[in-house]
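Listed below are the residues making up each chain.
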Amino acid sequence: MTRVRWPASLPQYMERPGARLGVAENRLRSDVDIGPAKVRSLTPLNVRPLSGAMRLTTRQWLILRDFVEGTLKGGVRAFLFPNPLDFGATRIEVRFADELPSARSTSSPGQWIVQLDLEEMP
């Protein structure tokens, strides 16, 4: 299957400040009756959280909406996204996490702030 790429007509990096990168959660914690909780490793491979916002025009929001609903089959497919660590010079494979993109209006007509909650694939 061909790897899907983030559309070139959309911004290639998230707004700064505000982008958040996380560490893969690979621990299982179990409470015990006495003493500290037990912690063990789940798997060597897990997703890393990545979130942030982008400022889009109405046209760009429609492109993103079509990308998610059509190309990504409602947001279930993974895609290549500009790596925020190098301002998009390389690509990482991601998928949408719990929430699909949402847009909120700004004080400027035709401008939207879009929240992206992604998971970087191992």
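Our subject in this report is the structure included herewith. (Residues numbered from 1 in each chain as written. Predicted model: local features only at pLDDT ≥ 70, side-chain atom pairs only at ≥ 80, totals over all residues. Heavy atoms only, no water.)

Focus: the pattern of salt bridges
- Applying the stated criterion across every chain yields a total of three salt bridges.
- Between glutamate 93 and arginine 3 there is a salt bridge, and its shortest N-O distance comes to 3.5 Å. Of the two residues, glutamate 93 sits in strand E6 (residues 91–96) while arginine 3 sits in the segment before strand E1 (20–21), which places them 90 residues apart along the sequence.
- Look at glutamate 93 and you get partly exposed, because its relative accessible area is 32%.
- Looking at arginine 3, the relative accessible area reads 51%, which means it is exposed. (Salt bridge = Lys/Arg side-chain N within 4 Å of Asp/Glu carboxyl O. Helix = DSSP H or I, 4+ residues; strand = E, 2+ residues; numbered from the N terminus. Buried < 20%, exposed > 50% of the residue type's maximum accessible area, 1.4 Å probe, protein only.)

Points about the pairing of E6
- The two faces of E6 differ: Ile92, Val94 and Phe96 on one face are buried, but Arg91, Glu93 and Arg95 on the other face are not.
- Examined bridge by bridge, strand E5 (residues 79–82) and E6 share four bridges and lie antiparallel to one another. Of the residues in E6, the one forming a bridge with phenylalanine 79 is valine 94.
- Relative to strand E8 (residues 111–120), E6 runs antiparallel, the two sharing three bridges. Note that in E8 the partner of phenylalanine 96 across the bridge is leucine 118. (Pairing = 2+ DSSP bridges.)

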